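A structural walkthrough
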Amino acid sequence: MVQQTWTAVDNYFDGLLVEEDEALVAAAASTEAADLPAHQVAPNQGKLLNLLARVRGARRILEIGTLGGYSTIWLARALPADGRLVTLEVDERCADVAAANIARAGLEHVVEIRRGRAVDLLPGLADEAPFDLVFIDADKPSNPAYLQWALKLTRPGSVIVGDNVVRDGAVIDPDSSDPRVQGVRRFTELISEHPQLTATALQTVGSKGYDGLILALVTD
Ligand SMILES: C[S@@+](CC[C@H](N)C(=O)[O-])C[C@H]1O[C@@H](n2cnc3c(N)ncnc32)[C@H](O)[C@@H]1O
Ligand SMILES: [Mg+2]
């Protein structure tokens, strides 16, 4: 199978199942127009996040890594009118693009972008916890730290999703010199060792190439 087939299959299913409206198209387009990396989730992955939040009945969502707000919009649309999503972004330009996209999507009342390094912002979220869903999608070397914060800021029944965990297959290399690979490996080990977490990981192919995610549930 080749990339062309993966993209065509995504397009087939998206055409039937995934409603990417004007606000989402504009969010992805404005990210590209601002010369930001096209690192947002694919439409079907955004829909998966939306469905996970809805299945969970999420009222509070935490996102680490906003970029242009594409995944933020998918997640925020799963929330009830009085729900809340906090998203953390270190890059001012990304945060500016995301703010415009979130406003265009009519989600300003639900979403708050916090600007700065996530490790510096996370301790300030204790009063707003517990979050029902945490989406970890920023600098992968910090994933172990983000997992520890996610555990502090959630409760039994909460869902933690870690994006981009396959690293083109390099995740299986214990000697990798790539700090992102080591970050994802440590993240996975910490999840596996934690008595309150039950999890799985999926490899994915699609319009975004070869990738994968980890889904963990916080239990009693
Ligand atoms: C993969 S992109 C996020 C994509 C977005 N979640 C989506 O799917 O639409 C990662 C983002 O994390 C941000 N980031 C990187 N390091 C960070 C840090 N230490 N704290 C907060 N954000 C960070 C980057 O600037 C970038 O915008
Ligand atoms: Mg990602």
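Residues numbered from 1 in each chain as written. Chains lettered and ligands numbered in written order. Predicted model: local features only at pLDDT ≥ 70, side-chain atom pairs only at ≥ 80, totals over all residues. Heavy atoms only, no water.

As annotated in an unreviewed UniProt entry, the protein is O-methyltransferase from Streptomyces nojiriensis.

Glancing now at the site of ligand 1. Surrounding ligand 1, one finds 22 residues, the nearest of these being Gly65, Ser71, Glu89, Ala118 and Asp137. Residue valine 41 places a main-chain N or O atom 2.9 Å away from an oxygen atom belonging to ligand 1. Residue aspartate 139 places a side-chain N or O atom 3.4 Å away from a nitrogen atom belonging to ligand 1. Cavity membership is defined here by more than half of the atoms lying within 2 Å of grid points; on that basis ligand 1 lies in the largest pocket. Breaking the shell around ligand 1 down by element, the ones donating at least two residues are α4 (70–76) and β2 (84–89). The residue inventory of the shell around ligand 1, partitioned by class, reads ten nonpolar, six polar and six charged. (Near = heavy atom within 4 Å. Polar contact = N/O pair within 3.5 Å; in protein donor to acceptor, adjacent residues only side chain to side chain. 1 Å grid on protein atoms, 1.4 Å probe; cavity = no way out; pocket = protein on both sides within 12 Å on 5 of 7 lines; lining within 4 Å. Sits in = over half its atoms within 2 Å of the grid points. Helix = DSSP H or I, 4+ residues; strand = E, 2+ residues; numbered from the N terminus. Nonpolar A, V, L, I, M, F, W, Y, C, P; charged D, E, K, R; others polar.)

Right, let's talk about empty space enclosed by the protein for a bit. A full pass over the atoms with the stated rule returns one cavity of 30 Å³ or more. There is about 50 Å³ of room inside the largest cavity. The wall of the largest cavity is formed by Val41, Gln45, Leu48, Leu49, Phe135, Val161, Gly162, Asp163 and Leu213. Elements supplying a minimum of two residues to the lining of the largest cavity: α3 (43–56) and β5 (159–163). Partitioning the lining of the largest cavity into residue classes produces six nonpolar, two polar and one charged. (Points joined across faces, edges and corners; volume = space filled by probe spheres on them.)

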